[in-house]
Amino acid sequence: MRRARHYKGFSLSDVVVATGLGKRFGDYRAVDGVSLSIARGSIFGVLGPNGAGKTTLLRMLMGVIDPDTGTRSLLGSDRPRDVAHLIGYLPEERGLYPSMTARDSIAFMGALRGLSWAEGRKRADVRLETLGLGHAPGMKVRKLSKGMAQMVQLVGALIHDPELIVLDEPFSGLDPVNQERLEALVRAERDRGATIILSTHVMAHAQRLCDELAIIAGGRRHFLGSVEQARALLPMAVRYRPRVDGDAAEMERLLPDGATRQDGEWRFALADDGVEPLLSALVAAHHGVEGLAIERPGLHEAFVHIVGKAAAEKAS
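Think of each chain on its own: its residues are numbered from 1, step by step along the sequence as written. Predicted model: local features are reported for residues with pLDDT of at least 70 only, side-chain atom pairs are reported and counted for 80 or more only, and whole-chain, interface and lining totals are derived from all residues. Side-chain descriptors were evaluated using all non-hydrogen atoms of the structure, hydrogens and water having been removed beforehand.

Draft legend 1. Structural view of the overall build of the protein chain. Counting secondary structure elements, the protein chain contains 10 helices and 15 strands. Considering only C-alpha atoms, the protein chain reaches an extent of 75 × 50 × 40 Å along its principal axes. Summary of the burial criterion: residues with accessible area below 20% of their type's maximum are buried, those above 50% are exposed, and those between are partly exposed, where the area comes from a 1.4 Å probe applied to protein chains only. Residues classed as buried in the protein chain amount to 47% of the 316 residues present. A separation threshold of at least 6 residues defines the contact pool for the protein chain, and within that pool the share at least 24 residues apart is 68%. Note on areas: Shrake-Rupley with a 1.4 Å probe; residue coverage comes only from the protein chains shown. Summed over all atoms, the accessible surface of the protein chain reaches about 15700 Å², with 51% contributed by carbon and sulfur. Counting rule applied: Lys, Arg positive; Asp, Glu negative; His and chain ends not counted. Lys charges are placed at NZ, Arg charges at CZ, Asp charges at CG and Glu charges at CD. The distance from the centre of the 41 positive side-chain charges to the centre of the 39 negative ones in the protein chain is 7 Å. Secondary structure elements are defined from DSSP: runs of H or I of at least 4 residues count as helices, runs of E of at least 2 residues count as strands, and each element is numbered from the N terminus. Contacts were defined at the residue level, with two residues in contact if any of their heavy atoms lie within 4.5 Å.

Set out below in structure tokens:
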């Protein structure tokens, strides 16, 4: 996506700007000097393994907790609490009042952000219907399934049409149907002009949704860029199925170092000189080609590579 011109390293349209954010809890450094910027109208992923510091980073960005070091700006303000009414937040720890109905739970969350009670209840009915939960508005929260309750809390976070939406592990506990609905909802919010920060452990969702992303490990940022830039850190991957399979030792002699076999298919990294010389050798050895695919590794593989490299650097 095209971004606005930049000034002193940040775009004039950046909704979030963080510089050198750091946070300690006692002797534990949860976040260590993280800087990033997030463009208006984009979906930005914050990815990392458990304990990487993602949730702490998000809470600092929104002003839930203050950083020990560094600065941050949200929606043009260096006081995030002053623009809280423009933010929708789905925390990792879910929480709804069990005795309230789904409709009133959503209206209550909207009222906390300045939406009238009547308008909140009206919007709740419409949005739950859109998500296939038209039967749920009058149900007590205690009667909802875990997935339904999560969708109710998500709707509540979005009910006031916020400019900035922060979703911390939103797909956790959702079945595949509701995961698809949530992906569609995130895109719809982006299309209306909202900026979305998405933290998730599921790389498939991040690969499909994110315009840009940061990968955090050990409290530090180890990657910042687009999904395609992350995937480009790894060589193209080849999947080759011979028409006439030889014994493993013979195939390993012909194939590049590191080739592995799975279900009759060989997998290896594409060599710098391409695949043509290898195919010529395989055909000459009478193995032939039954199937061949060359593709860029996915975000999952790139994530594992980046986090693994970070761990190795820390250990050295």
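Draft legend 2. Fine view of the sheet that holds strand β4 (residues 28–39). Taken in spatial order, the 3 strands of this open sheet run β4-β3-β6, and their pairing is antiparallel. In this open sheet, the two edge strands, each paired with only one partner strand, are β4 and β6 (69–74). Pairwise comparison of adjacent strand axes, ignoring direction, gives a mean angle of 15° for this sheet. We call two strands paired when DSSP finds no fewer than two bridges between them. As defined by bridge partners, strand β3 (residues 14–25) adjoins β4 across 9 bridges and the pair is classed as antiparallel. Pairing of Gly22 across the sheet is with Asp32, part of β4. Sheet contacts for helix α1 (residues 54–62): β3, β4 and β6; angle to β3, the most-contacted strand, approximately 120°. Think of each axis as a best-fit line through the C-alpha atoms, taken over the contacting stretch in the case of a helix, with angles from 0 to 180 degrees between the N-to-C directions.

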